[in-house]
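Here is what each chain is made of, one letter per residue.
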Amino acid sequence: MTWRHSLHESLTELSRQGLRSVLTLLGLVVGVAAVVGMSSLTEGARLETLLHAESWGLRSVRVRARSTSGPDARADGALEALARRLHGRDEVDELAPRLCVDATARVGSSSSPARVVGTRGTHVDVMGQVVAEGRALHPDDARRHRPVTVVSGELAARLWPQRSALGESVRVGDLRFEVVGVLARPTSTAWTPPGLDDALAGSELLVPLTTLRERWPLRRPWDELRLTAADGVGARGLASVIEDERRGLGLPAARVEVVVPEERLTQAREGQRVFHSVLFGIASLSLLVGGIGIMNVMLMTVVQRAGEIGLRRAVGARRRDVVQQFLLESALLATTGGALGLLLGVGLAAVLSARAGWLTVVSPATAALALGSAVTTGLLFGAWPAARAAALDPVEALRRE
């Protein structure tokens, strides 16, 4: 019996038992959709991590001041003292302070929640940001206490949706700032590791630190200090230097927090692996259920088609021809279920991306994995029914018929 003839016979038999075939497919459809969804989420999270890596500043270290006795008493100038000790150290490449005020930015009738960040011109380099229009803050802006600002790309798009923000004015409270620069928008912001996320991270107005202190009634020290490590030092090495200087100043660890984004990124990747394992277990269970469904249906088919099998054997069909016939039917069922599951998985990934804002990536490798898993499941669970069919005695089969 040729493969072409076997394929024709298999298609005919499956179409004749349409309802049973559809019910058999359901388990595989769910299983393959789970595989596609799992892979698209995992690949999206991996790509998201890479997209954010530069903005997290994997060569950077964040030193945060912890509140001591109230919202305006943050570590009593500990960060300024640390900055003086770290300034000029060979291990430090760039250093930028941050003094933050959450407010509302207004342009005409438009408004948006924003964060005013008093800092220095080095902030852009330390944060791995890119100036898309205009310029970054300049040391002369701080010396002259100029009311200028560099606006994040997302905030600029909200406040000036139809025109460039460069040269425009933005009002924050009773203050007005001239926009001298606009930062490039990040490629993606849908996912960030635990400990690094911030609702207003993409809505910042960078202003000279001296201007903020002069024009805003702030009596507290810096909130945060950002540093980048020199070449060959690494973020962990810089963190060790900062800890040494902290101890040298006699500052307890409870008053300042040293955060290494690289370590948080490692923790995030561990979480992704756990998430991947859980989804993989769910997908495997669904495929197992689908495979058992195929096996049960094919075993029932062997009983129902015993006379047909006996007749074929009596007129010269070999055992391997019978095995071929039943394996082909199992593979066709599995392939159809895999294709439908692939379409469902792609649709699910698109819905998650559109509704939840998650980055999902369905690659050709994912599609191949899904279809390959389905076909493999069909062949594995169809092997026993095929062997049972081939082992039937032709005379006994005809008598049973």
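Residues numbered from 1 in each chain as written. Predicted model: local features only at pLDDT ≥ 70, side-chain atom pairs only at ≥ 80, totals over all residues. Heavy atoms only, no water.

Examining helix α8 (residues 235–249)
Taking 1.5 Å per residue as the helical rise, α8 with its 15 residues ought to reach 21 Å, and the 21 Å between its terminal C-alpha atoms agrees with that figure. What α8 keeps buried is the set A235, L238, A239, V241, I242, E245 and R246. Buried residues along α8 cover an arc of 160 degrees about the axis, so they all sit on one side. At the exit of α8 stands G250, carrying a positive phi of roughly 75 degrees. (Helix = DSSP H or I, 4+ residues; strand = E, 2+ residues; numbered from the N terminus. Expected span 1.5 Å × (residues − 1). Buried < 20%, exposed > 50% of the residue type's maximum accessible area, 1.4 Å probe, protein only. Arc of directions from axis to C-beta.)

Thoughts on the side chain of E80
With respect to the element layout, E80 can be found in helix α3 (residues 78–86). Ignoring sequence-local partners within four residues, the contact set of E80 consists of R213, P221 and W222. (Contact = heavy atoms within 4.5 Å.)

Points about the pairing of strand β10 (residues 204–208)
Counting buried residues along β10, five of its five residues qualify, which places the element largely inside the surrounding structure. With five bridges joining them, strand β5 (residues 110–119) and β10 adopt parallel strand pairing. Opposite V117, over in β10, you have L206 as the bridge partner. Where strand β7 (residues 148–151) meets β10, two bridges bridge the pair, whose relative direction is antiparallel. Looking at β10, one finds that V150 is bridged to L206. (Pairing = 2+ DSSP bridges.)

Details of the side chain of E224
Position of E224 relative to the elements: it lies in strand β11 (residues 224–229). Overall, E224 belongs to the buried group, its relative accessible area being 8%. For E224, the side chain forms a polar contact with the side chain of R64, separated by 3.5 Å. Setting aside chain neighbours within four positions, we find E224 in contact with R62, V63, R64, L79, A96, P97 and R98. (Polar contact = N/O pair within 3.5 Å; in protein donor to acceptor, adjacent residues only side chain to side chain.)

Thoughts on the pairing of strand β1 (residues 60–65)
Counting buried positions along β1 gives five out of six residues, so the element sits mostly inside the fold. Here β1 pairs with β11 via five bridges, running antiparallel. Looking across to β11, one finds that R64 is bridged to E224. Bridge analysis of β1 against strand β12 (residues 256–259) gives four bridges, and the strand direction is antiparallel. Note on β12: the bridge partner recorded for R64 is E257.

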